[in-house]
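Fold and geometry: a report
Listed here are the chains, written in short residue letters.
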Amino acid sequence: MTWPPLRDELRGLAPYGAPQLDVPVQLNVNENPYGPSPECVADIAASVAEAASTLNRYPDREFSELRTALAAYLSKDTPHGIAPEQVWAANGSNEVMLQLLQAYAGPGRTALSFAPTYSMYPEYARDTNTSWVAGRREDDFSLDLDHARALVEEHRPAVVLLPSPNNPTGTALPHDAIAGLCEAAGEGLVVVDEAYGEFRREGVPSALELLPDHRNLVVTRTMSKAFALAGARLGYLAADPALCDGIRVVRLPYHLSAVTQAVALAALRHEKELLGRVDDLRAERDATYAWLIEQGHRVAESDANFVLFGVFRDRHAVWQGLLDRGVIVREVGPEGWLRVSIGTPEEMKSFKLGLSQVLEEAS
Ligand SMILES: Cc1ncc(COP(=O)(O)O)c(C=O)c1O
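Residues numbered from 1 in each chain as written. Predicted model: local features only at pLDDT ≥ 70, side-chain atom pairs only at ≥ 80, totals over all residues. Heavy atoms only, no water.

1. Examining the side chain of Gln99
Short version of the rule: Numbering of helices and strands runs from the N terminus, with a helix taken as a DSSP run of H or I at least four residues long and a strand as a DSSP run of E at least two residues long. Think of it in three bands: with a 1.4 Å probe and only protein chains considered, a residue is buried below 20% of the maximum accessible area for its type, exposed above 50%, and partly exposed in between. What makes two residues a contact is simply this: any of their non-hydrogen atoms within 4.5 Å.
Locating Gln99 in the fold gives a position in helix H3 (residues 93-104). Taking relative accessible area as the criterion, Gln99 reaches 4% and is therefore assigned buried. Look past the residues within four positions of Gln99 in its chain and what remains in contact with it is Trp88, Ala90, Ile247, Val250, Arg251 and His255.

Structure, rendered in structure tokens:
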């Protein structure tokens, strides 16, 4: 037996993660480029100091105050409102979705998504011994509802994972596709992953609106993107209270530290300011999309804080050329495509200049 004695299916696998390189222009992991204001930093620091004086005790296992604050925040996106008992949270939405599979998938059950899709999903399936099925998206990365429904009816998945807006393409799903898949899934859960939900374009609704009609619908969100809080690790979901109760069976006790809860609550008090940059980022995204089209690239329409573009014969060479100029983007998605996260106007200027130079040199 080789050392260490890993599970057979994990042997030789590399841990997930984009390269963390010390590069001046970081446009590879869809972070928010704008840090919190001094007032917000001071509030977070004071809240952590207060929590620090109680760290001899375990935190509130039910994170009641945070659930209430998250429910109030989500209620702004649906006329039906969201109650605290419909909310669950964990250390990033990755952990939220892993917990969903731990509770509702597992051996003998299947998780399903439509490629290209978020690359962590098959890892949640692998780590929970869940079978994995990937359907396909169309050439424009939309979902063919007939294909999607047929695949769901064929495999009867315990969990369908639907990122909307999708990563890496930026494509948002219309309500009728989500509602149709909720119906096709029967007792199976349909998880609409709205990690980038706050960046959606005007008129694109949130799946939160559909919650009263489908008890198998789960909508996940994160504070890592629009809230500019990737370092704090706070993801959450809204769903039927019974589904939240089911997750409590598999969560580790006290999984959300007192420090995490204090930071998230402080950030929610500064919601207006932290989300204040979302409109700037959407405008920069639309400008980046238009510029890439102008340059003759294929570009996926985006409702997120990134844009997928291509198609390059040797995308790695383009990625490397940008890196050599101090700009890191992500090599992800279908062969030949690259994904650029939306940064500040100065960062996007460096990206455009770098890309123009790389392509000129190659021609
Ligand atoms: C589609 C999607 N879902 C979920 C996540 C996980 O985010 P976090 O664990 O930081 O909440 C990401 C991160 O990039 C993502 O792209």
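2. Some details on the sheet that holds strand E3 (residues 110-115)
Just so we agree on the cut-off: For two strands to count as paired, DSSP must find a minimum of two bridges between them. Interaxial angle, 0 to 180 degrees, is taken between N-to-C directions of lines fitted to C-alpha atoms, where a helix line uses only the stretch in contact.
The sheet built from seven strands is open, its strands ordered E2-E8-E7-E6-E5-E3-E4 with mixed pairing. Here the strands that pair on one side only, and so sit at the sheet edges, are strand E2 (87-90) and strand E4 (131-136). Direction aside, neighbouring strands of the sheet carry axes that sit 25° apart on average. Here E2 pairs with strand E8 (residues 235-238) via four bridges, running antiparallel. Following the sheet pairing, Val87 is matched in E8 by Ala238.

3. Comments concerning empty space enclosed by the protein
Formally: Only protein atoms enter the 1 Å grid, on which a cavity is a set of points fitting a 1.4 Å probe that cannot get out and a pocket is an open set with protein on both sides within 12 Å along at least 5 of 7 lines, lining residues being those with an atom within 4 Å of a point. Grid points are joined across faces, edges and corners, and a volume is the space filled by probe spheres set on the points. For this classification, Asp, Glu, Lys and Arg are treated as charged, while Ala, Val, Leu, Ile, Met, Phe, Trp, Tyr, Cys and Pro are nonpolar and the rest, including Gly, are polar.
A complete count under the given rule lists one cavity of 30 Å³ or more for this structure. Estimated volume of the largest cavity: approximately 60 Å³. The wall of the largest cavity is formed by Ser164, Pro165, Ala172, Leu173, His175, Ile178, Glu194, Arg200, Val204, Pro205, Ser206 and Ala207. Of the residues in the lining of the largest cavity, the class split is seven nonpolar, three polar and two charged.

4. Some remarks on the sheet that holds strand E12 (residues 338-341)
Judged by pairing direction, the sheet is antiparallel, and its three strands sit side by side in the order E9-E10-E12 without closing on themselves. Either end of the sheet is taken by a strand with one partner, and the two such strands are strand E9 (298-299) and E12. Pairing between E9 and strand E10 (residues 306-310): two bridges, direction antiparallel. Looking at E10, one finds that Arg298 is bridged to Gly310. Packed onto the sheet, helix H10 (residues 278-294) meets E9, E10 and E12 and runs at close to 10° relative to E10.

5. Structural notes on the domain arrangement of the protein
How large an interface is tends to be reported as the accessible area lost when its parts come together. As a reminder, the rule being used: What fixes the domain bounds is an automatic or database domain assignment. A simple way to read buried area is as the amount of 1.4 Å-probe accessible surface that goes missing from two parts once joined, with both sides added. Salt-bridge detection follows one rule: a side-chain nitrogen of Lys or Arg within 4 Å of a carboxyl oxygen of Asp or Glu. As used in this structure description, the phrase polar contact means that two N or O atoms lie within 3.5 Å; if the pair is within protein, one of them must be able to donate a hydrogen and the other to accept it, and residues adjacent in sequence are counted only when both atoms belong to side chains.
Domain parsing of the protein yields domain 1 (24-36 + 276-362) and domain 2 (38-271). The distance between the C-alpha centroids of domain 1 and domain 2 comes to 26 Å. Facing the 24 residues of domain 1 at the interface are 25 residues of domain 2. Roughly 2,000 Å² of surface becomes buried between domain 1 and domain 2 when both sides are summed, with 54% attributable to carbon and sulfur atoms. If you sort the residues of domain 1 by the area they bury against domain 2, Pro36, Arg282 and Asp303 come out on top, with a joint share of 31%. On inspection of domain 1 and its partner domain 2, the count reaches two salt bridges. Asp303 is the salt-bridge partner of Arg201, the closest N and O atoms lying 3.0 Å from each other. Summed over the shared surface of domain 1 and domain 2, the result is 12 residue pairs in polar contact (both at pLDDT 80 or more). Elements with a minimum of two residues in the side of domain 1 that touches domain 2: H10 and E10. With four residues, H10 is the largest single contributor of residues to the side of domain 1 that touches domain 2. Considered class by class, the residues forming the side of domain 1 that touches domain 2 number 12 nonpolar, six polar and six charged.

6. Concerning the pattern of salt bridges
All chains considered together, the criterion is met by 22 salt bridges. Across the pair Arg215 and Glu187 runs a salt bridge, and its minimum N-O distance is 3.3 Å. Here Glu187 lies in the loop between helix H6 (175-185) and strand E6 (189-193) and Arg215 lies in the loop between E6 and strand E7 (217-222), a separation of 28 residues in the sequence. There is no split in this pair, since Arg215 and Glu187 are both exposed. Taken together, the salt bridges that share partners define one network made up of Asp77, Glu194, Glu198, Arg200 and Arg221.

7. Some remarks on the site of the ligand
Rules: The cutoff for a nearby residue is simple: one of its non-hydrogen atoms must lie within 4 Å of the molecule or strand. With residues, only the protein chains shown are counted as cover, and all accessible areas are computed by Shrake-Rupley using a 1.4 Å probe. Each molecule is checked against the cavity or pocket grid, and it sits inside if more than half of its atoms lie within 2 Å of the grid points.
Around the ligand lies a shell of 13 residues, among which Ser93, Asp193, Tyr196, Thr222 and Ser224 are the nearest. Between the ligand and Asn94 there is a distance of 3.1 Å, counted from an oxygen atom to a backbone nitrogen or oxygen. Between the ligand and Thr222, the relevant distance is 2.6 Å, taken from an oxygen atom to a side-chain nitrogen or oxygen of the residue. Contact with the protein chains covers 92% of the free accessible surface of the ligand, which is 400 Å². More than half of the atoms belonging to the ligand lie within 2 Å of the grid points that define the largest pocket. The element contributing the most residues to the shell around the ligand is H3, with three residues. Grouping the amino acids of the shell around the ligand by side-chain chemistry returns four nonpolar, six polar and three charged.

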